[in-house]
Amino acid sequence: MVKLIKMIGLPLLALAGIGSFSAIALAAEQEHATLIREESLYTSAGANAQKVAQVSRGSALTILERSQADGQPWMKISMAADQQAQVSKEVTGWIPSKTVITASTANGDEVVFGQAVDSERQAEERGGRKGAAEDALRLYARVAELFPGSPLAGEAMWRAADIRWQLAKTDFVRSGKPLDDKYLKEVVAKFPQSKQAELATYDLLDNQLCPEWRGMPECPIKESALYEQYAHEHPQSPKAAEALYNAAWRQAALTDIYRINNEKAKSDAARKKGVALAQEVQGQQQDVDWKARATDLIYKLEQKIPIYGAGVVEAGETK
């Protein structure tokens, strides 16, 4: 009776605080999940219910309730707004459970990662599934979020960040929107000294490149130095040979820029530097493709074959 009287005498604010605490605790206990196949979202459990939305692969879901309908398990889920999934506001509804993966699903990290790989391959194929790149981005991100202790977490986080970066670069070409480097920096911070961190650091170089050269030497000088520095600071990176080649190619371009400007001494110095950098690529025996491209570049430099200017631009450059 004393306890009851004390409870009745509690200020309303304190009682409200107890309710808020319970709500927070409940939210913390809610299970998170994702989908490995696009599903319809229904107003209630059962395929005969009204459809309210489509839930994309890799969507971030919160499980609110479980039930049975049509002889199979269903889940009531909440889905937050997701620009990639084209969901403009939080929605709630029911989906069949069979394509839902949670942190407790056996081998769930491999299942989601495998679907992410499949989606990424779809994005690369001609006539592949529309929106597959965005699906892969979300799926990789879910692996890192749902299974942070998985051996696949670092690779998944890197791939999600890289796909986001490549899509942003495409948007930059079309709209000039600045590139958001937050996700790549998270990979570097969370997995330092890893292969994934080295790959993310290489992507980040894009933000330091010039939008256009306009035939001036300043930009290729700067970019060559950036790529050379990366290669020497990350000699074990899968991108080390590519970085050295990019540094060498920019020196080769400088050779032509200085020649066009009648600056023979600078042109000769750039040619010598380009050959030296390309020879470093040749020394990286494990990368046959870049070694062969470096040999091709050395030949052109030694034979004084132009690679930049007067309509001649090679190596996939658009400067």
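Residues numbered from 1 in each chain as written. Predicted model: local features only at pLDDT ≥ 70, side-chain atom pairs only at ≥ 80, totals over all residues. Heavy atoms only, no water.

**Observations regarding the overall build of the protein**
- Looking only at helices and strands, the protein has 11 helices and nine strands in total.
- Here the protein, with 319 residues, has 44% of them falling under the buried criterion.
- For the protein, contacts bridging at least 24 residues in sequence account for 55% of all contacts bridging at least 6.
- Summed over its atoms, the accessible surface of the protein is roughly 17800 Å², and 53% of this surface lies on carbon and sulfur atoms. (Helix = DSSP H or I, 4+ residues; strand = E, 2+ residues; numbered from the N terminus. Buried < 20%, exposed > 50% of the residue type's maximum accessible area, 1.4 Å probe, protein only. Contact = heavy atoms within 4.5 Å. Areas by Shrake-Rupley, 256 points an atom, 1.4 Å probe, with all protein chains shown as cover.)

**Observations concerning the packing of aromatic side chains**
- The tally for this structure, following the rule as stated, stands at seven aromatic pairs.
- Note on Y202 and Y230: the rings are 5.2 Å apart at their centroids and 65° apart in plane angle, and the pair reads as edge-to-face. One end of the pair, Y202, is in helix α7 (residues 195–204); the other, Y230, is in helix α8 (residues 218–233), with 28 residues separating them in the sequence.
- Under the relative-accessibility criterion, Y202 is labelled buried at 8%. (Phe/Tyr/Trp six-rings, centres within 6.5 Å; stacked < 30°, edge-to-face > 60°.)

**Focus: the pattern of salt bridges**
- Overall, the coordinates contain 20 salt bridges when judged by the stated rule.
- Because the salt bridges share partners, they merge into one network encompassing R57, R129, D135 and R138. (Salt bridge = Lys/Arg side-chain N within 4 Å of Asp/Glu carboxyl O.)

**Topic: helix α11 (residues 288–302)**
- Taking 1.5 Å of rise per residue, 15 residues should cover 21 Å, and α11 covers 21 Å from first to last C-alpha, within 8% of that figure.
- When we look at burial in α11, the residues that qualify are W290, A294, L297, I298, K300 and L301. For α11, the angular spread of the buried residues around the axis is 165°, confining them to a single face. Across from the buried face of α11, at angles greater than 90 degrees, the exposed residues are V288, D289 and E302.
- Residues of α11 that are buried sit in contact with α9 (240–260) and α10 (264–282).
- Positive phi shows up at K304, right after α11, with a value of about 60°. (Expected span 1.5 Å × (residues − 1). Arc of directions from axis to C-beta.)

**A closer look at the state of the cysteines**
- With the rule as written, the count across this model stands at one disulfide.
- Through a disulfide, C210 is tied to C219; the S-S separation comes to 2.1 Å. In this structure, the disulfide formed by C210 and C219 twists by about -95° around the S-S bond and is classed as left-handed.
- With a relative accessible area of 14%, C219 lands in the buried category. (Disulfide = S-S within 2.5 Å.)

**Focus: the nonpolar core**
- One finds W213, Y227, W249, V281, L297 and Y308 to be the most contacted residues of the largest nonpolar core, which totals 31 residues.
- For this core, the secondary-structure elements that each account for two or more residues are α8, α9, α10 and α11.
- Considering each element in turn, this core owes the most residues, 10 residues, to α9.
- Excluding its chain neighbours within four sequence positions, the residues that come into contact with Y227 are Y202, L205, L209, A243, N246, A247 and R250.
- Listed in part, the 16 residues of the second largest apolar core include V117, A136, A141 and A160. (Core = buried A, V, L, I, M, F, W, Y, C linked by side-chain atoms within 4.5 Å.)

**Description of the pairing of strand β5 (residues 72–79)**
- Where strand β4 (residues 61–69) lies against β5, eight bridges are found, and the strand directions are antiparallel. Residue Q68 lies in a different strand from β5, and its bridge partner there is P73.
- Between β4 and β5, which pair antiparallel and follow one another directly, the connecting turn spans two residues, one of which, D70, has a positive phi of 55°.
- Across six bridges, the pairing between β5 and strand β6 (residues 91–96) is antiparallel. Residue pairing for β6: M75 is matched across the bridge by I95. (Pairing = 2+ DSSP bridges.)

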